[in-house]
Amino acid sequence: MSHRAIVEKLRADIAVIERNSPAARPVALGLPAVDACLPRGGLARGAVHEVRGSAASGFATFVAGRVAGAVLWCADAGTRASLYGPGLAALGLDPARLIVIRCPNRTDMLWVMEEGLRSPGLGAVIGEPEGHVDLIASRRLQLAAETGGVLGLVLARGTGRQQHFAPSALESRWQVDSLPAPARHRAGSCWRVALARCRGMPQRENTHWTVERDESTGHFTVADAFAGRPADPRAGPFAAGQPAVAAGHYV
């Protein structure tokens, strides 16, 4: 076998190992209709995903709950809202896994997120930077995630709808809004989940689902029959005036 053939075989073997490593496996949401639309059947690790909408924090909590390891949550030091332990637990994230850093400004938050995404010991990094994360900032976050193999979630807030399609290096963009819970069973949460863009997925129209959580079982299911209801601004694990997470770590 020639030297070139040996090198090519080694490269192919390494690629297979990387694709099959735990860090490279996507995070399946456990919602078959949604996972089937995503490349490789789930949210990519070693990548950063943007979520906006009235239920963005709830969706991020749900996703983080499906990732093993500690979760770093970067919050604005000036906000009155607190992460509410029982709300996090109801969406599948054990508050004991949480590390919360209250950042004094946007620059510090982006820096902390980058450092967290480079740390392979973390399972996920969630951040809430004020304003649009532009192309340069998003590329830095994406490169950091690729280095650490960590899943990142940017909760876009304080931005207009025109920024929804602004240039970005992030892996995917989601719009998640609250819907009134249906009366047919006890639903703890009901969301309209829309996938605006995902790298490696063909652009489609009306890629959205209605996702419900059954309070009696804690399970999430897709119920598209309820799609299109008006959004309800009341949502997510944040509650102004609620006590901080009792079983987490604050920095």
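Small disclaimer: the values here were computed from a predicted structure and weren't measured.

> Please provide a residue-by-residue account of the packing of helix 5 (residues 106-117) against helix 6 (residues 135-148), values included.
At a minimum axis separation of 7 Å, helix 5 and helix 6 run at an interaxial angle of 25°. Taken together, the axes of helix 5 and helix 6 are roughly parallel relative to one another. Residues L110, M113, E114 and L117 of helix 5 form the contact with helix 6, whose own contacting residues are A137, R140, L141, A144, A145 and G148. Tallied by class, residues from the contact of helix 5 with helix 6 come to 7 nonpolar, 1 polar and 2 charged.

> So what about the nonpolar core? Which residues, and what values?
The nonpolar side chains of a soluble globular protein tend to be buried, and buried together. Among the nonpolar cores identified, the biggest contains 40 residues, and F59, W73, W174 and W191 are the most heavily contacted of them. Contributing elements (two or more residues each) for this core: helix 3 (56-64), strand 2 (70-76), strand 4 (98-103), strand 5 (122-127), strand 6 (151-155), strand 7 (172-178), strand 8 (187-198) and strand 9 (208-214). No other element matches helix 3, which puts 6 residues into this core. Excluding its chain neighbours within four sequence positions, the residues that come into contact with F59 are L29, V51, W174, V176, W191 and V193. One finds V48, I101, C103 and A144 within the second-largest nonpolar core, a separate group that totals 20 residues.

> Describe the environment of W111, with residues and values.
Among the structural elements, W111 can be located in helix 5. Look at W111 and you get exposed, because its relative accessible area is 55%. For the pair formed by W111 and A137, sequence separation is 26 residues and the distance between their alpha carbons is 9.8 Å.

> Give a detailed account of the confidence of the model for the chain, specifying residues and quantitative values.
Within the chain, residue pLDDT values average 80, and 73% of them lie at 70 or more. Under a pLDDT of 50 for its full length, residues 225-235 has, in the predicted model, 27 contacts with residues more than four places off or in other chains. Contacts for the low-pLDDT stretch residues 239-251, under 50 throughout, to residues beyond four places or in other chains number 34 contacts.

> Residues and numbers for the side chain of S138, please.
Turning to its location among the elements, S138 is positioned in helix 6. According to the relative accessible area criterion, S138 is buried, its value standing at 0%. Among all residues touching S138, those that are not within four sequence positions of it are V133, S168, A169 and L170.

> Tell me what's going on with the environment of R192, and back it up with residues and numbers.
Within the secondary structure, R192 is located in strand 8. In this structure, the C-alpha to C-alpha distance between R192 and S54, residues 138 residues apart in sequence, is 10.0 Å. Side chain to side chain, R192 and H208 meet in a polar contact 3.3 Å long.

> Tell me about empty space enclosed by the protein, residues and numbers included.
On inspection of all chains with the given rule, the structure shows 1 cavity of 30 Å³ or more. Of the voids in this model, the largest cavity is the one considered here, and its volume is about 40 Å³. Along the walls of the largest cavity sit 11 residues, with E50, G131, H132, V133 and A156 positioned nearest its centre. Of all the secondary structure elements, the ones that give two or more residues to the lining of the largest cavity are strand 1 (47-52) and strand 6. Residues that form the lining of the largest cavity fall into these classes: 5 nonpolar, 3 polar and 3 charged.

Conventions adopted
- Residues numbered from 1 in each chain as written.
- Predicted model: local features only at pLDDT ≥ 70, side-chain atom pairs only at ≥ 80, totals over all residues.
- Heavy atoms only, no water.
- Axes fitted to C-alpha atoms, helices over the stretch in contact; angles between N-to-C directions.
- Helix = DSSP H or I, 4+ residues; strand = E, 2+ residues; numbered from the N terminus.
- Parallel < 35°, antiparallel > 145°, perpendicular 65-115°, else oblique.
- Contact = heavy atoms within 4.5 Å.
- Nonpolar A, V, L, I, M, F, W, Y, C, P; charged D, E, K, R; others polar.
- Core = buried A, V, L, I, M, F, W, Y, C linked by side-chain atoms within 4.5 Å.
- Buried < 20%, exposed > 50% of the residue type's maximum accessible area, 1.4 Å probe, protein only.
- pLDDT = per-residue confidence, 0-100.
- Polar contact = N/O pair within 3.5 Å; in protein donor to acceptor, adjacent residues only side chain to side chain.
- 1 Å grid on protein atoms, 1.4 Å probe; cavity = no way out; pocket = protein on both sides within 12 Å on 5 of 7 lines; lining within 4 Å.
- Points joined across faces, edges and corners; volume = space filled by probe spheres on them.

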